[in-house]
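Remarks on the overall topology
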4 protein chains.
Amino acid sequence: MLVVMKQSASEEEIGRVVETIQDMGYDARPMPGKQRTAVGLIGNDGRVDSARLQGLSGVLEVIEVSQPYKQVSREWREEDTLVTLHNGTVIGGSDVVVMAGPCAVENEEQIVGIARVLRGMGATILRGGAFKPRTSPYSFQGLGEEGLILLARAREATGMAVVTEAVDPDGLDLVAEYADIIQIGARNMQNYPLLRRAGQSGKPVLLKRGMSATIKELLLAAEYLLAEGNGQVILCERGVRSFDSHTRNLLDLTAIPVVKALSHLPIIADPSHGTGIRAKVTPMARAAVAAGADGLMIEVHPDPDRALSDGAQSLFPDQFEGLMEQIRVIAQALGREFVPTLPEPAQVP
Amino acid sequence: MLVVMKQSASEEEIGRVVETIQDMGYDARPMPGKQRTAVGLIGNDGRVDSARLQGLSGVLEVIEVSQPYKQVSREWREEDTLVTLHNGTVIGGSDVVVMAGPCAVENEEQIVGIARVLRGMGATILRGGAFKPRTSPYSFQGLGEEGLILLARAREATGMAVVTEAVDPDGLDLVAEYADIIQIGARNMQNYPLLRRAGQSGKPVLLKRGMSATIKELLLAAEYLLAEGNGQVILCERGVRSFDSHTRNLLDLTAIPVVKALSHLPIIADPSHGTGIRAKVTPMARAAVAAGADGLMIEVHPDPDRALSDGAQSLFPDQFEGLMEQIRVIAQALGREFVPTLPEPAQVP
Amino acid sequence: MLVVMKQSASEEEIGRVVETIQDMGYDARPMPGKQRTAVGLIGNDGRVDSARLQGLSGVLEVIEVSQPYKQVSREWREEDTLVTLHNGTVIGGSDVVVMAGPCAVENEEQIVGIARVLRGMGATILRGGAFKPRTSPYSFQGLGEEGLILLARAREATGMAVVTEAVDPDGLDLVAEYADIIQIGARNMQNYPLLRRAGQSGKPVLLKRGMSATIKELLLAAEYLLAEGNGQVILCERGVRSFDSHTRNLLDLTAIPVVKALSHLPIIADPSHGTGIRAKVTPMARAAVAAGADGLMIEVHPDPDRALSDGAQSLFPDQFEGLMEQIRVIAQALGREFVPTLPEPAQVP
Amino acid sequence: MLVVMKQSASEEEIGRVVETIQDMGYDARPMPGKQRTAVGLIGNDGRVDSARLQGLSGVLEVIEVSQPYKQVSREWREEDTLVTLHNGTVIGGSDVVVMAGPCAVENEEQIVGIARVLRGMGATILRGGAFKPRTSPYSFQGLGEEGLILLARAREATGMAVVTEAVDPDGLDLVAEYADIIQIGARNMQNYPLLRRAGQSGKPVLLKRGMSATIKELLLAAEYLLAEGNGQVILCERGVRSFDSHTRNLLDLTAIPVVKALSHLPIIADPSHGTGIRAKVTPMARAAVAAGADGLMIEVHPDPDRALSDGAQSLFPDQFEGLMEQIRVIAQALGREFVPTLPEPAQVP
């Protein structure tokens, strides 16, 4: 950490900064420059509260040199984290993994039916919301535990793994009973009690980037999970808030190589929420794989026009089939394996 | 709601839109124009899921004409909502009300001492965090229930009301036992289980605008509280995310007159989090009152250089005293009463 | 255009809106709804100034239904625009076209040398700035006309076409004498006198999206060129301003399929400015082609560490060679031809 | 400038950074830390191109410690700059100065009539566009020189000073013949040929902040003017681009105290463009003055419903009169003089 002093800072003010750093338990190293002095804080262990230094008299600005996250960083762990699921799917390795399904679980016929279709097209993980955070209190909020039960039936029927969202700490324990991957949604990326509970669950966690979260904040949110001892974390880029209204969000695909350089965790992309428009899902799914994503999360509905939520961004099954063909070619062009073939459902424990 | 068709839309596609609207239980009214046809949806009760229409073939865009919120809107309730506290403070009326205190409760001496000072300067509500959501898992996270007990002692000693944050549904019930106003922080503005619990608590709620929430989303979050039967809601502008790094957030003061026009709920401003810089708090507090804010939330610490969190944006007590003098003059210039004098603590029940 | 009235709007206020619309020369059609009345403006020819209606008493909001642009829209012209250059390169067709070169022209050895290298690797258009808009007045601002002369020599030596930026109306005429494509930079996207001059130049124009321009604004800027009779326009996505500082800009690749749907003009991507980081250029170039871009603009410098500007985002020549191999595979996977082979320089007129 | 190395950086990579800095003509000072080494660049004169260092192998990031601007900074010049006009108006001193008028000059009756009204209410500077940059090529673009002549007549008739916009270098010379202050609009904040010409004009310049310009970029744009020898510069906050559509722009009033701390130049606010909504202009004008603005720029039209541009944000004259009364009280509450009384027009040279 570097405390940059104003040009007009007095010796006394510089001395106060040095003392404060020492009082906090670190070493201080003043560096007089041509225009101004800066004071280096040596030995930052990630717990330094820069605000205390920022507010001192004579200070121009405080610059973080160390990153505030630790266990998620590639400097902490060199090799890629692999998240391995019961049905053999591995996320973060050479496979490009596809999670697909409807926005919300609506009934057994819908979810089991679509799961069979998606499995046949190469998806190995089934998505579907049982608890839906909705902007309006008057919108459909999901089937709750009933939805979890239906997801489990679809898993039995197909051998797919299941990813579904938890929205509060108590509900998380329930989700953990049924799901193979617990999803933390964008609105809850900084819901710390929820993150701690997910960190304690022992289950893999899919952590979506918040609406306007920086990449540093995304990694710090993941740090909450690792700090609880859970290293089975998958990050997900799903678009950030922007000033243009042509798409629902602005899918920030550069986040993929940026995260890959900073962290050992796998990262996937969700072009369905990232664009909000059916016709843009396929090109952006291709682009995400080309940018190096470890997988995709795609909304597919057997009858999007009658979906209870997010119908406008859900693909028709035959569109999903076309998408799978296109990304297969791109994945192979990049030297990646495509989604593994699942064993027959009967063989799944 | 208006469904705008593409120029190339066929009669069949238009017919499909009309049928879908009718199938959803509303009336459809096609309006052929010079360039294209639009189909009006008549009778929108706020439950229409536009995504279902957005995804239909031939649709260019769906435009919301009705607002999706109801009970928070000024069209639902014409007169201003007043939130009245046990110590006589009224928020949303002619008074400009000031909430002040440290970012976090640290110990009894700190919180009771600063409360006495602030009360003497005209603040009637004491702020102080017992549960602190922090971006890093390694930062100080608050004293928990111990902090709530200390806030209650400060209330007894001074007659001030207490506002403090709840971060999860179970913790909210605990906060509700001690606090006069339950704060929902910016990171939790769309934490719906927390909002529902706050709506059921029967206590006034201070709802802070999310990091990049639109005003519509802020009002929809408040709608969750009113939908649970709790109309005692105070909104708070605290800055939104922006591209400039000179200030921590971009304080959006225009939100104050915008919210005043759309809603009957009171709205205050938090220039401490809104700027993140001590020297900018006083000018922006003045500006907030000049823009029509019903109150302010200000961080003050007896010794900001040693604060356990957010020291850089906390005022020194004498700076707060100067701020109070300046906003008193501006409030009066606008024909508003300034903060009421509290009764002697002994008289407080 | 739809003028939405407040619930409380009086008959008189509605009447005033109808009269104003008629006074402006259009037809007005009032549509009473359950909650409020809306008044449709029929016959919008793209010249309606909505501000006049927006300000009328009783008006809640004015919603644009027609797009304000005309000649750039796909509704105006169905088939894709092809921009054909003297050396046979066609932009907007089945080829993925690559423009490459240094940020700034520095001297003859640099520009002719790198052109030879790039041509050998498959680039058919040479980029290089002679006039450089720089944020600081103290930074290197380009060689001016001397730079244009050197670009022309590199064209003679290699047969590549030349694209270079013009920054003011008089300078544009000079650039038009030397360049095959005139570039309008992001800072000048709404410099209308410059756009008009470019529209009158008769030369193909590469129009970069402004720092925080919406797609609608980008298309309206292009409309200035077409309104002057110049249909040879190539759009360029080069990243927009965002709140995250990990990359210089946020490359908005979804803009590519969005523009393709709205307009017949070709669109390319500039991942060098779009990310600002050398190591992110190759993955984002791959992603851009996967998203459907008609071409790429890439900064390559023979010795980036000594570049006079933008060295941090310039590729080394061997990195560019690797990038070309990767995008060749992706382009072919999408059924596109890759960059055409240029005829021998001697054959170029 | 501080070059932060990766943890994994080798001695050789650090040595390369040191050599490069020395090769650029500066001193290098390596500072080994607990986690990583940083190399300080000593003697930065504002001309260092950080990109060259950013791109070196082993470099994590380059942090600017010195500001890249010089003459605009308060460290360069301690005392406030005062801009004094021929009619006695002084901007940047204790007066709060008001510039008012229609968006565009439409005809003599309009501009002279409104000038007389505004002068009577306390405005001392008349605004009015003769050259209008418009997003659509089909919108009204201003009267051109005819508009300048009419503005000069209004000046003769009232003694007000005139501010009007220039949009290209040649046009700027024409504007400089007629105007007392040359306005550079938001779209042209980084139009460097225009800035240079304005810097050479010898006339005071009003420089508006760009749509999404950081404060650093605003100050660097002003540096272009001072670098040409023109210190008579007034900055103007007019709102930045945001994600919310309730207002046209997000008026960033915190920019006012931020600029005041960094620079000696005066800064005013434009709440008309900053909000885009008539009903929000008055509260935000009050807030701007309360935040410390040296003046205001307000759109007023004799008949806003018939304005040729921006009618929705123009005040009616009686609304402007009310605004002037309110800001007079706030200015006085802050110890500022309000707008000076102009001498009788006959006395104006």
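What you see is a predicted model, and the numbers here were worked out from it, not measured in a lab.

Opposite the 28 residues of chain D that make contact, chain B presents 28 residues. Elements with a contribution of two residues or more to the side of chain D that touches chain B: helix 8 (255–262), helix 10 (278–291) and helix 11 (317–333) of chain D. The dominant element in the side of chain D that touches chain B, judged by the number of residues it contributes, is helix 10 of chain D, at 8 residues.

Below, the discussion takes up the interface of chain B and chain A. How large an interface is tends to be reported as the accessible area lost when its parts come together. The partner chain A presents 41 residues to the 41 residues of chain B that form the contact. Elements with a minimum of two residues in the side of chain B that touches chain A: helix 2 (50–54), helix 6 (192–200) and helix 7 (215–227) of chain B. Among the elements that line the side of chain B that touches chain A, the one with the most residues is helix 7 of chain B, at 5 residues. Of the residues assigned to the side of chain B that touches chain A, the class counts are 17 nonpolar, 13 polar and 11 charged.

Let us now look at the relation of the copies chain B and chain A. The operation relating chain B to chain A is a screw motion whose rotation component is 180°, with 0.0 Å of axial translation and a residual RMSD of 0.0 Å. Seen this way, the second copy is the image of the first under a two-fold rotation axis. Every residue of chain B has its C-alpha some distance from the rotation axis, and the shortest such distance is that of Ser212 of chain B, at 3.1 Å. An overlap of 100% is found between the interface residues of chain B and their copies at the interface of chain A, pointing to a shared contact surface.

Moving on, we come to the sheet that holds strand 3 (residues 37–42) of chain B. Residues and elements named next belong to chain B. The antiparallel open sheet is built from 4 strands, whose spatial order is 2-3-1-4. Two strands in the sheet have a free side with no partner beyond their single neighbour: strand 2 (27–32) and strand 4 (59–63). Ignoring strand direction, the axes of neighbouring strands in this sheet form an average angle of 20°. Strand direction decides the pairing type here: strand 1 (residues 2–5) and strand 3, joined by 3 bridges, are antiparallel.

Split by domain assignment, chain A resolves into domain 1 (2–63) and domain 2 (83–347). The centre of domain 1 of chain A, based on its C-alpha atoms, is set 44 Å off from the matching centre of domain 2 of chain A.

Right, let's talk about the relation of the copies chain D and chain B for a bit. In the superposition of chain D on chain B (RMSD 0.0 Å, axial shift 0.0 Å), the rotation amounts to 180°. Taken together, the interface assignments show that 100% of the residues at the interface of chain D recur at the interface of chain B, consistent with an identical surface on both copies.

Turning to the packing of helix 10 (residues 278–291) of chain B against helix 10 of chain D, a few remarks are in order. Packed helix pairs are specified by the crossing angle of their axes together with the interaxial distance, meaning the distance between the axes. Interaxial distance between helix 10 of chain B and helix 10 of chain D falls to 7 Å at its minimum, and their mutual angle equals 160°. In terms of orientation, helix 10 of chain B lies roughly antiparallel with respect to helix 10 of chain D. Judged by the sense of rotation from one axis to the other, the crossing of helix 10 of chain B with helix 10 of chain D is right-handed. Taking contact as the criterion, the partners of Pro283, Met284, Arg286, Ala287, Ala290 and Ala291 of chain B in helix 10 of chain B are, on helix 10 of chain D, Pro283, Met284, Arg286, Ala287, Ala290 and Ala291 of chain D. Along the lines of polarity and charge, the residues of the contact of helix 10 of chain B with helix 10 of chain D split into 10 nonpolar, no polar and 2 charged.

As a further point, take the pairing of strand 10 (residues 181–184) of chain C. Residue and element names in this part refer to chain C. In strand 10, alternate side chains face the same way, and those of Ile181 and Gln183 on one face and Ile182 and Ile184 on the other are all buried. Taken together, the 3 bridges between strand 9 (residues 161–165) and strand 10 define a ladder with parallel strand orientation. Directly across from Glu165, in strand 10, lies its bridge partner Gln183. Tracing the backbone out of strand 9, into helix 5 (residues 169–178) and back to the parallel element strand 10 gives a crossover that is right-handed. For strand 10 and strand 11 (residues 205–208), the ladder comprises 3 bridges, and the chain directions are parallel.

This part is about the environment of Val163 of chain C. Residues and elements named next belong to chain C. You can see Val163 is positioned in strand 9. Through-space distance from the C-alpha of Val163 to that of Ala176 is 9.9 Å; in sequence the pair is 13 residues apart. With near-sequence residues (within four places) excluded, Val163 lies in contact with Met99, Ile125, Arg127, Ala179, Asp180, Ile181, Gln183 and Leu206.

Before going further, it helps to examine the environment of Leu235 of chain A. Residue and element names in this part refer to chain A. Among the secondary structure elements, Leu235 is positioned in strand 12 (residues 233–237). On the neighbour-count criterion, Leu235 (26 C-beta atoms within 10 Å) is buried. In sequence terms Leu235 and Leu207 are 28 residues apart; their C-alpha atoms lie 5.0 Å from each other. In contact with Leu235, not counting residues within four places along its chain, are Leu207, Leu218, Ala222, Val259, Leu265, Pro266 and Ile267.

Each value, and the rule that gives it
Residues numbered from 1 in each chain as written. Chains lettered and ligands numbered in written order. Predicted model: local features only at pLDDT ≥ 70, side-chain atom pairs only at ≥ 80, totals over all residues. Contact = placed C-beta atoms within 7 Å. Helix = DSSP H or I, 4+ residues; strand = E, 2+ residues; numbered from the N terminus. Nonpolar A, V, L, I, M, F, W, Y, C, P; charged D, E, K, R; others polar. Least-squares fit on C-alpha atoms with pLDDT ≥ 70 in both. Pairing = 2+ DSSP bridges. Axes fitted to C-alpha atoms, helices over the stretch in contact; angles between N-to-C directions. Domains from an automatic or database assignment. Parallel < 35°, antiparallel > 145°, perpendicular 65-115°, else oblique. Left-handed = near helix turned anticlockwise from the far one by under 90°. Buried ≥ 20, exposed ≤ 12 C-beta atoms within 10 Å, placed from the backbone. Right-handed = clockwise from strand over helix to strand, strands pointing away.

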